[in-house]
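Descriptive structure summary
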Amino acid sequence: QTINSNILHMPFSDNSFDVVFLLDVLEHLPDPHVCMSEIRRVLRPNGLCYLQVPFIYPVHDAPLDFQRFTQYGMLNLAGKTGFSTIDLKTVGTPLTTSALITNLAIAKTYINWSKQNHFMSLFASPIIFLIPVINTLFFIVDKLSINESSFPYRLCLILSNSDKNIENTD
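Everything numeric here is computed off the predicted structure, so don't read it as measured data. (Residues numbered from 1 in each chain as written. Predicted model: local features only at pLDDT ≥ 70, side-chain atom pairs only at ≥ 80, totals over all residues. Heavy atoms only, no water.)

So, on to the pattern of salt bridges. Applying the stated criterion across every chain yields a total of six salt bridges. Here R154 makes a salt bridge to D24, at a shortest N to O gap of 3.3 Å. Residue R154 is located in strand β4 (residues 154–160), and its partner D24 is located in the loop between β1 (17–23) and α1 (32–42); the two are separated by 130 residues in the primary sequence. A relative accessible area of 22% places R154 in the partly exposed class. On the accessibility criterion, D24 (26% relative accessible area) is partly exposed. For E38, the salt bridge identified is with R41, shortest N-O distance 2.7 Å. On the criterion of helical spacing, the pair formed by E38 and R41 is a turn pair, its members being three residues apart in helix α1. Taking relative accessible area as the criterion, R41 reaches 24% and is therefore assigned partly exposed. (Salt bridge = Lys/Arg side-chain N within 4 Å of Asp/Glu carboxyl O. Helix = DSSP H or I, 4+ residues; strand = E, 2+ residues; numbered from the N terminus. Buried < 20%, exposed > 50% of the residue type's maximum accessible area, 1.4 Å probe, protein only.)

This is the structure in C-alpha cells:
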C-alpha cells in the first residue's frame with residue numbers, strides 16, 4: 001500500500017512506527033526542525049531514525065536545496081528535537097570526497113557543453129573517460145592514507161527517541 005503524505009504533517013498516529021528512514025531529505029526542507037519533531041512524534045518509545053544527509057555535495061533539486069549540515073549541526077538538531085544519538089558516521093575522506101566532486105564537475109561540464117552544442121563538446125568525450133581513472137587512482141591512494149573524517153561527502157546517523165545518549169562518532 002502506498003501512502004502519499006507530507007513529511008511535515010504525516011497522517012499517522014503518535015507512536016506508530018518502530019523505525020523511520022530519512023535519506024537525503026533534510027537539506028531540502030526550509031525548516032528541518034519541523035520534520036524531526038514530526039518523526040519523533042510518530043516513533044514509538046525507543047524508536048529509531050536512520051538518517052543520512054549530504055555534507056560536501058553540489059546543489060541539487062534546485063530551488064529546493066536549502067542547507068548542508070556538519071556533524072555538529074546534526075547532533076545539535078537531533079538534541080533540540082528530543083533525539084539521542086546512537087551512532088554518527090562520516091562517509092568520505094579528503095581524497096574520496098575530492099574524487100566525487102571532481103567527477104561530478106566533469107560530468108556536469110560534459111552535459112552542459114553537449115546541451116548547448118558548445119564547441120568544446122567536440123573534445124568532451126575523452127574527458128568522460130577521466131572519471132574511472134580518477135576513481136581508481138583516488139581509491140588506491142586513499143587506502144594507503146591515514147583515515148581522516150573531517151572532509152566527508154555524507155553523514156549517517158542512527159537516532160533514538162529514548163533519553164539514552166550512547167554516541168559513537170567518527
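This brings us to a nonpolar patch on the surface. Residues V19, F21 and L23 make up a contiguous nonpolar surface patch of about 290 Å² in total accessible area. Note on placement: V19 falls in strand β1. (Patch = residues over 30% accessible without salt bridge, like charges linked within 9 Å, V, L, I, M, F, W, Y side chains within 5 Å. Areas by Shrake-Rupley, 256 points an atom, 1.4 Å probe, with all protein chains shown as cover.)

All right, on to the packing of helix α3 (residues 94–115) against helix α5 (residues 130–144) then. Running from N to C, α3 and α5 point in directions that differ by 175 degrees, and their axes come no closer than 9 Å. As summarised for this structure, α3 and α5 are arranged roughly antiparallel, according to the angle between their axes. When α3 is examined against α5, the residues L95, T96, S98, A99, T102, N103, I106 and A107 are found in contact with a partner set consisting of L130, I131, I134, N135, F138, V141 and D142. Counted by class, the contact of α3 with α5 contains nine nonpolar, five polar and one charged residues. (Axes fitted to C-alpha atoms, helices over the stretch in contact; angles between N-to-C directions. Parallel < 35°, antiparallel > 145°, perpendicular 65-115°, else oblique. Contact = heavy atoms within 4.5 Å. Nonpolar A, V, L, I, M, F, W, Y, C, P; charged D, E, K, R; others polar.)

Our next topic: the environment of W113. In this structure, W113 sits in helix α3. Counting along the chain gives 10 residues from W113 to F123, while the straight-line C-alpha distance between them is 9.8 Å. Leaving out residues up to four positions away in the same chain, W113 has contacts with H118, M120, S121, A124 and I127.

This paragraph deals with the pairing of strand β2 (residues 43–54). Looking at chain direction, β1 and β2 are connected through six bridges and run parallel. Bridging across to β2, L23 finds its partner in Q52. Assessed by its sense of winding, the connection that carries the chain from β1 through α1 to β2 is right-handed. Both β2 and β4 contribute to a ladder of seven bridges, which runs antiparallel. In the sheet register, P54 faces β4, and the bridge partner there is R154. (Pairing = 2+ DSSP bridges. Right-handed = clockwise from strand over helix to strand, strands pointing away.)

With that settled, consider the packing of aromatic side chains. Counted according to the given criterion, the structure contains two aromatic pairs. Ring centres of F12 and F17 lie 4.9 Å apart, and the angle between their planes is 85 degrees; this geometry places the pair in the edge-to-face category. Plain terms: the ring middles of F21 and Y50 are 5.1 Å apart, the flat faces sit at 15 degrees to each other, and that makes the pair stacked. Remark: Y50 occurs in strand β2 and F21 occurs in strand β1; sequence separation between them is 29 residues. Residue classification places F21 among the exposed residues on the basis of a relative accessible area of 56%. Judged by its relative accessible area of 29%, Y50 is partly exposed. (Phe/Tyr/Trp six-rings, centres within 6.5 Å; stacked < 30°, edge-to-face > 60°.)

Time to look at the side chain of D87. By secondary structure assignment, the location of D87 is in strand β3 (residues 84–91). Look at D87 and you get buried, because its relative accessible area is 17%. There is a polar contact of 3.5 Å between the side chain of D87 and the side chain of K89. (Polar contact = N/O pair within 3.5 Å; in protein donor to acceptor, adjacent residues only side chain to side chain.)

So, to be careful, I would describe these as geometric facts and stop short of saying anything about function.
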